[in-house]
Every structure is written in C-alpha cells, then in structure tokens.
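# Fold and geometry: a report
One letter stands for each residue in the lines below.
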Amino acid sequence: KRIVAAADEVVVMMHQSADKLVKKYMLPKEKIAVIPHGTLDLPFKAVSSFKKRYKNRIILGNINLMSPAKGVEYSIEATAEIAKVYPNVLCLIVGQTHPDVLRYEGEKYRNRLKLMVKKMGVVQNVKFVNIYVSLEELLEWLKLIDYYVTPYLDPSQISSGALAYAIGAGKLCISTPYLYANEVLSKDRGILVPFKDPKAIAKAIIGLERNLNERDQMEARVYEYGRLMTWSSVGLQHLDLFEKVIRMKKKNEKKN
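The structure reproduced in this document is the subject of the present report. This one's a predicted model, so the numbers in the text were calculated from it and none came from an experiment.

## Considerations on the overall build of the chain
Looking only at helices and strands, the chain features 11 helices and 8 strands. Its C-alpha atoms give the chain principal-axis dimensions of about 75 × 45 × 30 Å. Here the chain holds 256 residues, and 49% of them are scored as buried. A fraction of 72% describes how many contacts in the chain between residues 6 or more apart in sequence connect residues 24 or more apart. As presented, the chain carries roughly 13900 Å² of accessible surface, and 55% of it is formed by carbon and sulfur atoms.

Here it is in structure tokens:
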C-alpha cells in the first residue's frame, strides 16, 4: 500500500491483477494501467530451421527452466496417450534444470522423468534438450513446436514468459488454468485443461489433429491477440503511460 501510494501509476500485466489491487488493496482504478507481458514478433506460421530434422512429427512441448512446479510429467503421460493414435508424436522438453532446483536436488527430477519415459515405453516420443537456450535457439525451438503445453501446477501463477512467447508466435496453446493462462487463453485463444490431467491434454491434441480447420482458426485468434503483446507494442503502451504521467504532473504544478 505504501508503494502504490507513492506511485503516480501502477502497471500490472493482467486485468485480474488490477481487480485484486482495487478490491483487496483499495487502489483507485484510474491509477492502474494494464500492459501485457512482452513477447517476440514472429511471422505467422514461421518455419524452424530444425523442421527437416523432425519432418512429419506432431510436436508438443515447452521451453523453460525445469522444475517440479512445471508439471512436465503430465506432458509425458499425455504423449504416451497420443502415441496410441499418432505414433509420430514427439514431446520436446527444452531447457536446463532450474538453478535453484539443481542446487538443492541436483538432477533428481529430470532423472525421475527419464525413468518414467523408459517405463512407459515412449523413448522414441520424448526428447530432452538439457541446455540453456540462447534467444536465437529459443526462436527455432518455438517455431518447431505445434502444440505449446504448460501443465503448470500452481493455480495462482500470475505470469508466464514461456506462454507469452508462445502466444506471440501464434502457437496453439494448451494449459492448466493458472491465473495468467486463464486470462490470455480465454475467448477460444487456446485450450484450458484440468490440473494433473494428462488424458485431457491428449484429448485436446488428438481432437485438434482431427479438426485442422478448428486448429487453424484458434492459431489465427491467438496470433492476432499476440500482436498487442509484441515488444514494440508494449513499448508504445509504456510510452503512452509515461506521457500521461508527465501531463498530470504539469497540470498539478500549474494548479499549485
């Protein structure tokens, strides 16, 4: 409350966050600006240089620092279900283990996932890319993925750079309904599935593979929404806000 009292404007990335500031912290609505999480500006249906390497594969995945909170095991279980219908499915798990997880647990989580992959018999359908990806590499992996899945486990998560980037790229996003996903994937811009429900993830992907027209329409909707989130758009929205604050300051100075 002291911070917002000292500020001329408060910026949040979601309308739900703005509502919380008004209802819980009694902040005046006119003092809040909603500016979305920034994202890269990629051409619609951009093709990855990796595409030849993974030709004719249905690719789902996520690019992130790995930790148990990401719920990667549910993507793997979903992959095993999808493989029964589409044996060419591939789940990409791109990114190194989160430094904090690595410090306290080592590769315990990743090793558990690898063992799970073997036990489920989907070694050919799951690929771990255990590297910290540069921005250039991130773009290539992102362009390669057909279905961007964020099966995160924390319902109160209020932002996700990974999901924001996927939206900016016009990816078909499937996610658990944590706060950020709930807002950005509403209005049929993506598919929300229950927490810890791999069968729901599998059902969503299989359904879209069988209805390519619906898939194309959803991709177009999310890509259009993502134009409001590109860095250039977000930068302009911040500039507009700064101009508003300066005008208010000058107006108040004249009054005084």
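## A look at the packing of helix H9 (residues 198–210) against helix H10 (residues 212–226)
Two elements in contact, H9 and H10, have axes separated by 5 Å at closest approach and are oriented at 105°. In terms of orientation, H9 lies roughly perpendicular with respect to H10. Contacts from Leu208, Glu209 and Arg210 in H9 reach Leu212, Glu214 and Arg215 in H10.

## So, the pattern of salt bridges
Taken as a whole and judged by the stated rule, the model has 10 salt bridges. Glu81 serves as the salt-bridge partner of Lys84, at 3.2 Å between the closest nitrogen and oxygen. On the accessibility criterion, Lys84 (63% relative accessible area) is exposed. Residue classification places Glu81 among the partly exposed positions, given a relative accessible area of 26%. Each of Lys45, Asp216 and Glu219 takes part in one network of salt bridges that share partners.

## Things to note about the environment of Leu102
With respect to the secondary-structure elements, Leu102 resides in helix H4 (residues 99–105). Judged by its relative accessible area of 39%, Leu102 falls in the partly exposed class. Measuring from C-alpha to C-alpha, the distance between Leu102 and Met66 comes to 9.5 Å, with 36 residues separating the pair along the chain. Non-local contacts of Leu102, meaning those with residues more than four positions away in its chain, are made with Thr97 and Glu107.

## Focus on the packing of aromatic side chains
Applying the stated criterion across every chain yields a total of 4 aromatic pairs. With centroids separated by 4.6 Å and ring planes inclined at 55°, the aromatic side chains of Phe50 and Trp141 adopt a geometry described as tilted. Here Phe50 is found in the loop between strand S2 (32–34) and strand S3 (58–63), whereas its partner Trp141 is found in helix H6 (residues 135–144), with 91 residues between them in sequence. Taking relative accessible area as the criterion, Trp141 reaches 5% and is therefore assigned buried. Three or more aromatic residues joined by ring pairs form one cluster here, namely Phe50, Tyr54 and Trp141. Its guanidinium or amino end placed over the ring of Tyr152, Lys70 lies 4.9 Å from that ring's centre, counting from NZ or CZ. In this structure, Arg189 packs its charged tip against the face of Tyr225, placed 3.8 Å from the ring centre.

## Re the side chain of Glu9
Structurally, Glu9 can be placed in the loop between helix H1 (2–6) and strand S1 (10–12). Classification of Glu9 by relative accessible area gives buried; the value is 14%. One polar contact links Glu9 to Lys244, side chain to side chain, over a distance of 3.0 Å. Once you skip the residues sitting within four places of it in the chain, Glu9 turns out to touch Glu30, Lys31, Ile32, Ala33, Leu241, Lys244, Val245 and Met248.

## So, helix H3 (residues 72–83)
In a regular helix each residue adds 1.5 Å, so 12 residues correspond to 16 Å; H3 covers 17 Å between its end C-alpha atoms and thus fits that length. Counting buried positions along H3 gives 10 out of 12 residues, so the element sits mostly inside the fold. Buried residues of H3: Val72, Glu73, Tyr74, Ser75, Ile76, Ala78, Thr79, Ala80, Ile82 and Ala83, and no others. Check the buried side of H3 and you find it contacts S3, strand S4 (89–94), helix H5 (108–120), strand S5 (126–129), strand S6 (147–150) and H9.

## A word on the environment of Ser160
Positionally, Ser160 belongs in the loop between S6 and helix H7 (161–168). Since its relative accessible area comes to 4%, Ser160 is described here as buried. A sequence separation of 135 residues divides Ser160 from Tyr25, and the C-alpha atoms of the two residues are 24 Å apart. Leaving out residues up to four positions away in the same chain, Ser160 has contacts with His37, Tyr152, Tyr178 and Tyr180. Only 3.1 Å separates the side chain of Ser160 from the backbone nitrogen of Leu163, close enough to count as a polar contact.

## Some remarks on the state of the cysteines
Considering all chains together, one arrives at 0 disulfides under this definition. In this structure Cys91 is not part of a disulfide, and its nearest cysteine sulfur, from Cys173, lies 15 Å away. Taking the relative accessible area as the measure of exposure, Cys173 reaches 0% and is therefore buried.

About the criteria used
- Residues numbered from 1 in each chain as written.
- Predicted model: local features only at pLDDT ≥ 70, side-chain atom pairs only at ≥ 80, totals over all residues.
- Heavy atoms only, no water.
- Helix = DSSP H or I, 4+ residues; strand = E, 2+ residues; numbered from the N terminus.
- Buried < 20%, exposed > 50% of the residue type's maximum accessible area, 1.4 Å probe, protein only.
- Contact = heavy atoms within 4.5 Å.
- Areas by Shrake-Rupley, 256 points an atom, 1.4 Å probe, with all protein chains shown as cover.
- Axes fitted to C-alpha atoms, helices over the stretch in contact; angles between N-to-C directions.
- Parallel < 35°, antiparallel > 145°, perpendicular 65-115°, else oblique.
- Salt bridge = Lys/Arg side-chain N within 4 Å of Asp/Glu carboxyl O.
- Phe/Tyr/Trp six-rings, centres within 6.5 Å; stacked < 30°, edge-to-face > 60°.
- Lys NZ or Arg CZ within 6 Å of the ring centre and 35° of its normal.
- Polar contact = N/O pair within 3.5 Å; in protein donor to acceptor, adjacent residues only side chain to side chain.
- Expected span 1.5 Å × (residues − 1).
- Disulfide = S-S within 2.5 Å.

Bear in mind that shape data such as this cannot, by itself, settle questions of function.
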